[in-house]
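Each chain, letter by letter, is given below.
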Amino acid sequence: YCAGVVPGVGPFQLLNFEGTKHDVATLAHESGHGCHDILAYKQGYLQYHPPLTLAETASIFGEMILFRDLLAMAPTPQEKLTLLMSKIDDVINSVVRQCSFDRFEELAHTARANGELSSEELDAFWMQAMKEYYGTPGEDADCPFDSYEDVAHLWSYVPHFHHVPFYVYSYAFADLVVGALYNSFLTNPDGFEDRLLDLLSAGGTRDFASALKPFGLDPTSPSFWEESIKAHLGELVQEAEALAVELGFLSTEKGEATCSS
């Protein structure tokens, strides 16, 4: 993790590191937080911390830069496909899974207004959120899981629920925002670095919409989120499918990729 502490003292990072790609990605993520803190310290103690809608922007942008560098350096198509599939899993985890976490918190806090909750009730809310977002194994064809056995207590291991309620949605926001920002960089690179540094330097002095306006992005429009998913996750899936076809893992029939037997 990375702790911003206070201007003039932090930031500090603490992490395990054994040299794996996952460790490097974690370092890039936490270093993004550190850069965000350093740039925003000039806003002072009360305003240097960004709003939750932007709190994970620098960290996930750091991951994206690392991912694209690793992808460019991958020595074989197989290695590139492995990186792409891992990144696709990460995006789905950040967007779909974190949104299901947020739904769990909504259910729990709404019920808590009427009194204390038992662990059994929290288990039930967790399972409700899982089924709403992923479907029911054996009933919904699109459900990615074979079983929900022994998962009802998983709400208890997420520290954000206890320390920073409703923080989890910032991961979903950031992944889609970073997708849109990276697409903005690809389509309009001139001056992008200055715009990004200015966004991060603002800390908590700008709201979400104002922060993204210099990039020509309007997060108040529903189409922003749809376009972000298409530009971010959609592009990754297309790249992965093309490589899978090249490697013989998928075949193309009538212009669509299908699994090869």
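Each remark here, short or long, concerns the structure printed above.
Numbering of residues starts from 1 in each chain and follows the order in which that chain's sequence is written. Restriction of local features to residues with pLDDT of at least 70 applies here, the model being predicted, together with a cutoff of 80 or more for giving and counting side-chain atom pairs; totals for whole chains, interfaces and linings are based on all residues. Values reported for side chains reflect all heavy atoms of the structure, with hydrogen atoms and water molecules removed beforehand.

Peer 1: Break down the overall build of the chain for me, citing the residues and quoting the values.
Peer 2: Working definition: helices are DSSP H or I runs of at least four residues, strands are E runs of at least two. Numbering for both runs from the N terminus. From N to C terminus, the chain includes nine helices and four strands. Starting at the N terminus and ending at the C terminus, the chain contains elements arranged as β-β-α-α-α-α-α-α-α-α-α-β-β. Projecting the C-alpha coordinates of the chain onto the three principal axes gives extents of approximately 60 × 55 × 40 Å. Partly exposed residues are those whose accessible area sits between 20% and 50% of the maximum for their type, while under 20% is buried and over 50% is exposed, using a 1.4 Å probe and protein chains only. By residue count, 39% of the 261 residues in the chain fall in the buried class. Working rule for contacts: check all heavy atoms of both residues, and any pair within 4.5 Å makes them a contact. Long-range contacts, defined as pairs at least 24 residues apart, comprise 63% of the intrachain contacts of the chain with a sequence gap of at least 6. Within the structure as shown, the chain displays about 14,700 Å² of accessible surface, and the carbon and sulfur contribution to it stands at 55%. Only four residue types enter the tally: Lys and Arg on the positive side, Asp and Glu on the negative side, with His and both chain ends excluded. Just so you know, the charge point we use is NZ for Lys, CZ for Arg, CG for Asp and CD for Glu. Taking the 14 positively charged and 39 negatively charged side chains of the chain as two groups, their mean positions are separated by 6 Å. For the accessible areas, the method is Shrake-Rupley and the probe is 1.4 Å, while residue cover comes only from the protein chains on display.

Peer 1: Describe unusual backbone geometry, listing the residues and the values that go with them.
Peer 2: Backbone torsion omega between Gly-10 and Pro-11 reads -5°, so that peptide bond is classified as cis. Within the secondary structure, Pro-11 is located in the loop between strand 1 (2–3) and strand 2 (12–13). Even without glycine at this site, Asp-150 takes up a positive phi of about 65°. Assignment of secondary structure puts Asp-150 in the loop between helix 4 (119–134) and helix 5 (160–163). Taking the relative accessible area as the measure of exposure, Asp-150 reaches 71% and is therefore exposed. Although it is not a glycine, Phe-166 adopts a positive phi angle of roughly 65°. Mapped onto the elements of the fold, Phe-166 is located in the loop between helix 5 and helix 6 (169–187). For Phe-166, a relative accessible area of 26% corresponds to the partly exposed category.

Peer 1: A description of the packing of helix 1 (residues 21–40) against helix 7 (residues 192–201) should follow, citing residues and the corresponding values.
Peer 2: Two numbers describe how helix 1 lies on helix 7: the axes approach to 7 Å, and their chain directions differ by 75°. Taken together, helix 1 and helix 7 sit at an angle that is classed as roughly perpendicular. Residues His-36, Leu-39 and Ala-40 of helix 1 pack against Leu-197, Leu-200 and Ser-201 of helix 7. Here the term charged refers only to Asp, Glu, Lys and Arg, the term nonpolar to Ala, Val, Leu, Ile, Met, Phe, Trp, Tyr, Cys and Pro, and the term polar to all other amino acids, Gly among them. In terms of residue class, the contact of helix 1 with helix 7 is made up of four nonpolar, two polar and no charged. The convention used is that axes are lines fitted to C-alpha atoms, helices contributing only their stretch in contact, and that angles between N-to-C directions extend from 0 to 180 degrees. In what follows, roughly perpendicular refers to angles from 65 to 115 degrees, roughly parallel to angles under 35, roughly antiparallel to angles over 145, and oblique to any angle outside these ranges.

Peer 1: Tell me about the nonpolar core, and please be specific about residues and values.
Peer 2: Throughout this description, the term nonpolar core refers to a set of buried Ala, Val, Leu, Ile, Met, Phe, Trp, Tyr and Cys residues connected via side-chain atoms within 4.5 Å. Ranked by size, the top nonpolar core spans 36 residues in total, and within it Leu-181 and Leu-212 carry the most contacts. If you list the elements that add at least two residues to this core, you get helix 2 (57–73), helix 3 (77–112), helix 6, helix 7, helix 8 (208–212) and helix 9 (222–246). Per-element tally for this core: the top contributor is helix 6, with seven residues. When neighbours within four sequence positions are excluded, Leu-181 is seen to be in contact with Thr-57, Phe-61, Phe-192, Leu-196, Leu-212, Phe-215 and Leu-217.

Peer 1: Describe a nonpolar patch on the surface, listing the residues and the values that go with them.
Peer 2: Like charges within 9 Å and nonpolar side chains (Val, Leu, Ile, Met, Phe, Trp, Tyr) within 5 Å are joined into patches, using only residues over 30% in relative accessible area that form no salt bridge. Basic side-chain nitrogens of Lys or Arg form a salt bridge, by our definition, when they fall within 4 Å of a carboxyl oxygen of Asp or Glu. On the surface, a nonpolar cluster with roughly 260 Å² of combined accessible area is contributed by Val-5, Val-9 and Phe-12. Among the secondary structure elements, Phe-12 is positioned in strand 2. Since its relative accessible area comes to 46%, Phe-12 is described here as partly exposed.

Peer 1: Run through the packing of aromatic side chains, naming residues and quoting values.
Peer 2: For this analysis, a ring pair means two rings from Phe, Tyr or Trp (six-membered ring only for Trp) whose centres lie within 6.5 Å, classed as stacked if their planes differ by under 30 degrees, edge-to-face if by over 60, and tilted for the remaining angles. What the rule picks out here adds up to 20 aromatic pairs. Counting every residue linked through ring pairs, the aromatic cluster contains Phe-61, Tyr-182, Phe-185, Phe-192 and Phe-215.

Peer 1: Summarise the environment of Val-9; cite the residues concerned and give the values.
Peer 2: Looking at the element boundaries, Val-9 is found in the loop between strand 1 and strand 2. When the C-alpha atoms of Val-9 and Ala-108 are compared, they prove to be 37 Å apart, with 99 residues separating the residues in sequence.

Peer 1: An account of the packing of helix 3 against helix 4 is requested, with residue identities and associated values reported.
Peer 2: At a minimum axis separation of 9 Å, helix 3 and helix 4 run at an interaxial angle of 140°. On the basis of their axis angle, the class for helix 3 and helix 4 is oblique. Between helix 3 and helix 4 lies a crossing whose hand is right-handed. Facing helix 3, whose interface residues are Val-96, Arg-97, Cys-99, Ser-100, Phe-101, Arg-103, Phe-104, Leu-107, Ala-108 and Ala-111, helix 4 presents Leu-122, Phe-125, Trp-126, Gln-128, Ala-129, Glu-132, Tyr-133 and Tyr-134. Crossing handedness: left-handed means the near helix sits turned counterclockwise from the far one by under a right angle, and right-handed means the same turn made clockwise.

Peer 1: Report on helix 9, specifying residues and quantitative values.
Peer 2: In a regular helix each residue adds 1.5 Å, so 25 residues correspond to 36 Å; helix 9 covers 35 Å between its end C-alpha atoms and thus fits that length. Two axes define the bend at a residue: one fitted to the seven residues ending there, one fitted to the seven starting there, and the bend is the angle between them. Along helix 9, the sharpest change in direction is near 35° and occurs at Gly-234. Turning to helix 9, its buried residues number three or more, namely Phe-224, Ser-228, His-232, Leu-236, Ala-240, Leu-243 and Ala-244. Positive phi appears at Gly-248, one or two residues downstream of helix 9, with a value of about 85°. Expected span of a helix: the number of residues minus one, times 1.5 Å.

Function cannot be inferred from these measures alone, as they are strictly geometric.
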